[in-house]
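One-letter residues, chain by chain:
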Amino acid sequence: MSHLKSKIHEALANKQLQQNYYKATNSAVAKNRIRSQEPERWQTLRELAFQIRKNTIDNLAFYLEKAEAALNKNQIKTHWAASASDANEICFQLLQKKGIKRVVKAKSMLTEELELNEYLQQRGIVAIETDLGEFIIQEAGEKPSHITAPAIHKSAADIARLFEDKFGLPYTEDEHILTEFARQKLRDDFLQAEAGISGANFLVAEDGAICLVENEGNIRLSVSAPPLHIALIGIEKVVPHHRSLAVLLELLAPSATGQDFPGYFSMIRNAEPNREIHVIFVDNGRSELWQNHDFRALLHCIRCGACMNNCPVYQHVGGHSYGWTYPGPIGALLTPLMRKAPGDELLPFMSTLCGACTDACPVKIPLHHLLLKMRHQSQSPQTKPRLFSFAMKVFSKTMGHPNFYSFISRIAHLFLKLIPGQNIHLPGLNKYRHFPKPAKKTFRDMI
Amino acid sequence: MKNSTRDAILQKLKVKSADKVTFSMPDPMRAIPREELIARFTDAAEKLNATILKCHLPDISEILKDYQPLGKRVLSPELQRLYPTISGTFFSPDFSPKELSAFSFGINAPQYGLAQTGSIVEFYHFPKERLISLIPETHIAILNAESILADHHQLFPLIPNGINLTLISGASRTADIEKRIVIGAHGPKKLIIILVFP
């Protein structure tokens, strides 16, 4: 059994895990007030956001050079990293030069992608994750299962057991006590840290503002308390100006958590006296993706997580099944193009192509169309069994002729009624699915 | 080495000429009467569990009496000019984060409020000033009731050059455990906004 398959089976067999995903993603989707209650404004903003992202990404070099010049003008030093190891090494050198052994980290999916923590740890530097979700999974020795809610797969009971085992906190599922415990535990780390590492949600080209979005205050603390701040920023994160930023900002929190607006939105635009700021521009496969015209639109992504929150496949198999930093529909596309590990080409098949991701995407990335396109590209005609190709031809002819379809479905109904018993298990369907017994009357008979 | 990496990345991304981003924003809520802005701001901020107090300028130190002792208050430097009757310890950039954590109340005067989201907008003119609304357990923001804007679309063009800023919407919070909201994550556990009328 392939790695992917075994992960999927493991997730499908764990009903509690599915409950955790189900509850968390549905609550985020349901709370998106602007999408459900102001559909016209929602659509206007999405269209604007699409134009902004498309234009920025199409002219990426222009905006990156602008952003770099603005950062340098603000006394912020800039570095460029072609690969994960470049980025990690630059970061390590900056810390080592100052003899720093402990750093606090604001939540950053880019640093998860780079495996920065592991890189630093191997070289004797401890990186402490400070976002509650990241803190939980770091202590559990796991990886994030969602890009905005990294511990979404864990129930309160899981976290209670973890805190009991790790810290001797008497077992409690009370989220207030657990949160307060993490606050107290990390307090001294914040107050004494010599460096903070962050990502960035946006980087404004016109004035070099590093924009950070959060709710907990851990990002503000990570980048305000210590005298050194290192921001690792994917080259696609640039936005032209404040007006375009305002549009994206209005879409981000509703899409991510269902909040109207993030708890904290910080713009860091200048280094203060005795505070050093470094920006590392990270490519790590992005420029190659940019050159791939079929999939360049993936660089429009603002990492809100709406596509996974709305995805029925993600809700069932969970974030870890996708095997890399980015799960859900966006991950099923990014992973084969960026990580390119054996087996990654199967990821675009982890979709029902229902289109819920595309509908939810605040920057209108046509996710399910791209998933389909990637499937096409990964299947050359030679690899398809001939019987399959024949069956597909028959299927396509049938679907294209309503009368013929109607005729065939009547015949099929007659045959299906002959099968005895309820919920028949058919070969080809896995053990989690059963073929239901057909209704007495077809839909066509009823209307 | 460094420059060659930079140039190689940019070279891969080059197009002949850059298109300028042009678009028209949906009309931000422009002509809204002040009373309405204040009502919306209050409503939105209270929904985020912020406490809203209202007072007239001369009564400001009176309303702060509930937040004693004076030694536990750290004040942002511009309060001296804006609200000279408020007493406490004035913040100095020499304070270490550790020293700041000895204060229970961080008091400052944000530049703007945003009606739509109930946010307060802090512009930081002094180094480390942002720690005032971050480290003490209670953040008290004194906001001129006349400086409430409709939304962040109105705000962004007004941001002056060369400063850092934060938009704060409610006290710090998390929902990382089963999406259940907990107020008071790593930032302040309580946010009090005092709306000051002339």
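Everything numeric in this text was worked out from a predicted model, so none of it was measured.

## Side note on the pairing of strand 12 (residues 190-197) of chain B
All names here are of chain B.
Consideration 1: Summarising burial for strand 12: six of the eight residues are buried, a large majority.
Consideration 2: Judged from the six bridges that link them, strand 1 (residues 51-56) and strand 12 form a sheet pairing that is parallel. Each residue of the ladder has a partner; that of Leu-53, found in strand 12, is Ile-194.

## Quick word on the interface of chain A and chain B
Frequently, the measure chosen for interface size is the accessible area that the parts lose on association.
Consideration 1: In this assembly, 94 residues from chain A lie in contact with 67 residues from chain B.
Consideration 2: When the two sides are added together, the surface that chain A and chain B hide from each other amounts to roughly 6900 Å², 57% of it contributed by carbon and sulfur.
Consideration 3: Together, Trp80(A), Arg183(A) and Arg220(A) form the three largest contributors to the area buried by chain A at its contact with chain B, with a combined 10%.
Consideration 4: At the surface where chain A touches chain B, the tally comes to eight salt bridges.
Consideration 5: Where chain A touches chain B, the interface holds 41 residue pairs in polar contact (both at pLDDT 80 or more).
Consideration 6: Looking at the side of chain A that touches chain B, the element that brings in the most residues is helix 11 (residues 175-192) of chain A, giving 13 residues.
Consideration 7: Two elements, strand 9 (residues 264-268) of chain A and strand 9 (residues 164-168) of chain B, share four bridges in a ladder whose sense is antiparallel. Bridge pairing in strand 9 of chain B links Phe265(A) to Leu167(B).

## Regarding the environment of Thr358(A)
All names here are of chain A.
Consideration 1: Here Thr-358 is to be found in helix 18 (residues 356-360).
Consideration 2: Here Thr-358 falls in the buried class, since its relative accessible area comes to 15%.
Consideration 3: Sequence separation of Thr-358 and Thr-130 is 228 residues, and the distance between their C-alpha atoms is 32 Å.
Consideration 4: Polar side-chain contacts of Thr-358 include one of 3.2 Å to the backbone nitrogen of Leu-367.
Consideration 5: Here His-368 takes part through its side chain, which lies 2.6 Å from a polar atom of the side chain of Thr-358.

## What about the environment of Lys154(A)?
Consideration 1: Inspection of the secondary structure assignment puts Lys154(A) in the loop between helix 9 (132-140) and helix 10 (156-167).
Consideration 2: Within the structure, Lys154(A) has its side chain in polar contact with the side chain of Glu142(A) (distance 2.9 Å).

## With respect to the nonpolar core
Consideration 1: In terms of nonpolar packing, the biggest core is built from 110 residues, with Ile210(A) and Leu298(A) touching the most fellow members.
Consideration 2: Setting aside its immediate chain neighbours within four residues, Leu298(A) contacts Leu289(A), Ile330(A), Leu333(A), Leu334(A), Leu337(A), Ile365(A), Leu367(A) and Leu370(A).

## Brief notes about the pattern of salt bridges
Consideration 1: Under the definition given, this model contains 35 salt bridges over all chains.
Consideration 2: Close ionic contact of Glu146(B) with Arg34(B) constitutes a salt bridge, the shortest N to O distance being 3.8 Å. Here Glu146(B), found in the loop between strand 7 (138-144) and strand 8 (148-149), pairs with Arg34(B), found in helix 2 (residues 34-47); they are 112 residues apart in sequence, far enough to count as distant.
Consideration 3: Each of Glu65(A), Glu68(A), Arg6(B), Asp7(B) and Lys14(B) takes part in salt bridges that share partners, so that together they form one network.

## A few points about the packing of aromatic side chains
Consideration 1: Within the structure shown, the criterion is met by 15 aromatic pairs over all chains.
Consideration 2: Centre to centre, the rings of Phe95(B) and Phe103(B) are 6.1 Å apart; their planes meet at 15°, and the pair counts as stacked. Across the pair, Phe103(B) and Phe95(B) agree in class, each one buried.
Consideration 3: Note that Arg220(A) overlies the ring of Tyr264(A), its terminal NZ or CZ placed 4.8 Å from the centroid.
Consideration 4: Across the ring face of Tyr326(A), the terminal group of Arg303(A) is positioned such that the distance to the ring centre comes to 4.5 Å.

## Notes on the packing of helix 20 (residues 386-400) of chain A against helix 21 (residues 402-417) of chain A
Residues and elements named next belong to chain A.
Consideration 1: Running from N to C, helix 20 and helix 21 point in directions that differ by 110°, and their axes come no closer than 5 Å. Between helix 20 and helix 21, the interaxial angle falls into the category roughly perpendicular. Contacts between helix 20 and helix 21 involve Thr-398, Met-399 and Gly-400 on the former and, on the latter, Pro-402, Phe-404, Tyr-405 and Ile-408.

## Considering helix 2 of chain B
All names here are of chain B.
Consideration 1: End to end, helix 2 covers 20 Å across 14 residues, agreeing with the expected 20 Å (1.5 Å per residue, within 8%).
Consideration 2: Listing the buried residues of helix 2 in full gives Leu-37, Ile-38, Phe-41, Thr-42, Ala-44 and Ala-45.
Consideration 3: Each element contacted by the buried residues of helix 2 is listed here: strand 1, strand 5 (112-114), strand 6 (119-124), strand 7, strand 8 and strand 12.
Consideration 4: Asn-49 sits one or two positions beyond helix 2 and adopts a positive phi of about 70°.

## As for the confidence of the model for chain B
Consideration 1: Looking at chain B, pLDDT values average 92 and 95% of them are 70 or higher.
Consideration 2: Listed scores for the predicted complex are pTM 0.92 and ipTM 0.95.

## With respect to the sheet that holds strand 4 (residues 195-198) of chain A
Residues and elements named next belong to chain A.
Consideration 1: The sheet built from six strands is open, its strands ordered 1-10-7-4-2-3 with parallel pairing. Here the strands that pair on one side only, and so sit at the sheet edges, are strand 1 (77-81) and strand 3 (126-129). Across the sheet, the mean angle separating the axes of adjacent strands is 25° when strand polarity is ignored.
Consideration 2: In this structure, strand 2 (residues 102-105) lies alongside strand 4, joined through two bridges in parallel fashion. Pairing of Val-104 across the sheet is with Gly-196, part of strand 4.
Consideration 3: The strands touched by helix 5 (residues 60-73) within the sheet are strand 1 and strand 10 (276-282), with strand 1 carrying the most contacts at an inclination of about 145°.

What counts and what doesn't
Residues numbered from 1 in each chain as written. Chains lettered and ligands numbered in written order. Predicted model: local features only at pLDDT ≥ 70, side-chain atom pairs only at ≥ 80, totals over all residues. Heavy atoms only, no water. Buried < 20%, exposed > 50% of the residue type's maximum accessible area, 1.4 Å probe, protein only. Helix = DSSP H or I, 4+ residues; strand = E, 2+ residues; numbered from the N terminus. Pairing = 2+ DSSP bridges. Contact = heavy atoms within 4.5 Å. Buried area = accessible area lost by both parts, 1.4 Å probe. Salt bridge = Lys/Arg side-chain N within 4 Å of Asp/Glu carboxyl O. Polar contact = N/O pair within 3.5 Å; in protein donor to acceptor, adjacent residues only side chain to side chain. Core = buried A, V, L, I, M, F, W, Y, C linked by side-chain atoms within 4.5 Å. Phe/Tyr/Trp six-rings, centres within 6.5 Å; stacked < 30°, edge-to-face > 60°. Lys NZ or Arg CZ within 6 Å of the ring centre and 35° of its normal. Axes fitted to C-alpha atoms, helices over the stretch in contact; angles between N-to-C directions. Parallel < 35°, antiparallel > 145°, perpendicular 65-115°, else oblique. Expected span 1.5 Å × (residues − 1). pLDDT = per-residue confidence, 0-100.

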